[in-house]
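Residue-level listing of the chains:
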Amino acid sequence: MTVVEERAGVAETESARRAMIDSQLRVSGVNDPAILAAFLAVPREDFVPEARRAVAYADRAVALGDGEVLSPALTYGQMLTAAEPTADDSVLVIGNPGGYLAALAEKLAGTVTLVAAGGDWAKAGEHSLVLVDGAIEAVPAALAGVVAADGRIVGGMVERGVTRLALGRKVAGSLAMTVLAEADFTPLAAFAAPRKWSF
């Protein structure tokens, strides 16, 4: 009996993953076969608390507790589509929680390192691709230090209270960021802009 229940649960979550791919990703322009295969291979429910597993595949962010949020699958699909990871890439994932995005990237890239947004990511060394699992309000100068020459960075940016997907490239030692589209990111407190007085 237990074996049957376990198999039914696996079939149910695989069906939910396929539905997520077909109804959330493909219809929104995420169509790269390798990226879709990564989403199919990584169980999203493994990255949420037991009590939130029923909504793991919903088309929205999932609260994880302690202020941490798992972004919608579409957000990660948009990120990976913009990033175009390859087997030659050394990827740094910065974020809270970051685990799901790192697991997806592991299916697409050579090596993947995960560091919390509030952690010591500035000492992670240079990577050809940096993925920020959340939105940055202020881009710290140290961020350029973890992106290799001609490398790229993909994540969210906060502009006037709206989060957008952004792609950056390191050129002449500096990051040049380009906003691509609105996207559902959670702002990262570690990258918040200093508060200013206003009257």
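The structure presented is a predicted model; accordingly, all values stated were derived computationally and were not measured. Position numbers for residues start from 1 in each chain and track the written sequence from start to end. Reporting of local features is limited, given that this is a predicted model, to residues whose pLDDT is at least 70; pairs of side-chain atoms are given and counted only at 80 or more, and all residues count toward the totals for whole chains, interfaces and linings. Processing note: side-chain calculations cover all non-hydrogen atoms of the structure and skip hydrogens and water entirely.

Help me get a handle on the packing of aromatic side chains, residues and values and all.
Centre distance within 6.5 Å is the pairing criterion for rings of Phe, Tyr and Trp, where only the six-membered ring of Trp is used; planes under 30 degrees apart are then read as stacked, over 60 as edge-to-face, and the remainder as tilted. On inspection of all chains with the given rule, the structure shows four aromatic pairs. Ring geometry for W121 against F191: centres 5.5 Å apart, planes inclined by 35°, an arrangement best described as tilted. Of this pair, W121 sits in the loop between strand 4 (111–115) and strand 5 (127–136) while F191 sits in the segment after strand 8 (174–182), and the two are 70 residues apart along the sequence. Per residue, the accessibility class of W121 equals that of F191, and both read buried. Going along the chain from the N terminus, every DSSP run of H or I of four or more residues is numbered as a helix, and every run of E of two or more is numbered as a strand. Any residue under 20% of the maximum accessible area for its type is buried, any over 50% is exposed, and the rest in between are partly exposed; the area is computed with a 1.4 Å probe on protein chains only.

Describe the packing of helix 3 (residues 73–83) against helix 4 (residues 99–106), naming the residues involved and giving the relevant values.
Helix axes use the C-alpha atoms of the stretch in contact, all axes being lines fitted to C-alpha atoms, and the angles between their N-to-C directions lie in the range 0 to 180 degrees. Look at helix 3 against helix 4: their axes get within 11 Å of each other, and the N-to-C directions meet at 40°. Viewed along their axes, helix 3 and helix 4 adopt a mutual orientation that is oblique. In terms of crossing hand, the pair formed by helix 3 and helix 4 is right-handed. In this structure, helix 3 contributes Y76, M79 and L80 to the contact, and helix 4 contributes Y100, L101 and L104. Along the lines of polarity and charge, the residues of the contact of helix 3 with helix 4 split into six nonpolar, no polar and no charged. In what follows, roughly perpendicular refers to angles from 65 to 115 degrees, roughly parallel to angles under 35, roughly antiparallel to angles over 145, and oblique to any angle outside these ranges. Rotating anticlockwise by less than a right angle from the far helix to the near helix defines a left-handed crossing, while the corresponding clockwise rotation defines a right-handed one. Contact criterion: two residues are considered in contact whenever any of their non-hydrogen atoms come within 4.5 Å of each other. Note that Gly is not counted as nonpolar here; it falls among the polar residues with everything else outside the nonpolar set of Ala, Val, Leu, Ile, Met, Phe, Trp, Tyr, Cys and Pro and the charged set of Asp, Glu, Lys and Arg.

Which residues make up the pairing of strand 6 (residues 147–159), and what values go with them?
Among the 13 residues that make up strand 6, ten are buried, leaving the element largely enclosed by the rest of the structure. The pairing of strand 5 with strand 6 spans six bridges and is classified as parallel. What sits directly across from L131, in strand 6, is V154. Strand pairing is defined by DSSP finding a minimum of two bridges between the two strands. In this structure, strand 6 lies alongside strand 7 (residues 162–171), joined through eight bridges in antiparallel fashion. Note that in strand 7 the partner of E159 across the bridge is V162.

If you had to explain the confidence of the model for the protein to someone new, which residues and values would you point to?
The predictor rates its confidence in each residue with pLDDT, a number between 0 and 100. Model confidence for the protein is summarised by a mean pLDDT of 90, while 92% of its residues fall at 70 or above. When pLDDT is averaged over each helix and strand of the protein, the minimum, 72, is found for helix 1 (residues 2–25) and the maximum, 98, for helix 2 (residues 33–41).

So what's going on with the nonpolar core? Residues and values would help.
Of all hydrophobic cores here, the largest spans 41 residues; its most connected members are F39 and L131. Here this core takes seven residues from helix 3, the largest share from any one element. Here L131 is in contact with M79, L80, A83, V91, L92, V93, I94, L101, A105 and V154, once residues within four sequence places are set aside. Here, nonpolar core means buried Ala, Val, Leu, Ile, Met, Phe, Trp, Tyr and Cys residues that are tied together by side-chain atoms lying within 4.5 Å of each other. V115, L143, I153 and L188 belong to the second-largest nonpolar core, a separate cluster that totals 14 residues.

With reference to specific residues and values, describe the sheet that holds strand 4.
Pairing in this open sheet of six strands is mixed, and the strands run 4-3-5-6-7-8 from one edge to the other. Two strands lie at the open edges of the sheet, namely strand 4 and strand 8, each paired on one side alone. Averaged over all pairs of adjacent strands, the angle between strand axes in this sheet comes to 20°, irrespective of strand direction. Where helix 3 meets the sheet, its contacts fall on strand 5, strand 6, strand 7 and strand 8, and the angle it forms with strand 5 comes to roughly 150°. Contacting strand 3 (90–95), strand 4 and strand 5, helix 4 crosses the sheet at an angle of about 175° to strand 4.

Tell me what's going on with the pattern of salt bridges, and back it up with residues and numbers.
The rule for a salt bridge is simple: a side-chain nitrogen of Lys or Arg has to be within 4 Å of a carboxyl oxygen of Asp or Glu. Summed over the entire model, instances satisfying the criterion amount to eight salt bridges. Between D22 and R26 there is a salt bridge; the shortest N-O distance is 3.2 Å. Classification of R26 by relative accessible area gives partly exposed; the value is 42%. Salt bridges sharing partners connect three or more residues here, namely D46, E50 and R53.

With reference to specific residues and values, describe the side chain of E45.
Summarising the element assignment, E45 is placed in the loop between helix 2 and strand 1 (62–65). Aside from chain neighbours lying at most four places away, what touches E45 is T13, R17, R53, A56 and Y57.

Residues and numbers for helix 4, please.
Burial analysis of helix 4 places seven of its eight residues in the buried class, the great majority of the element. Taken residue by residue, helix 4 has G99, Y100, L101, A102, A103, L104 and A105 as its buried positions.

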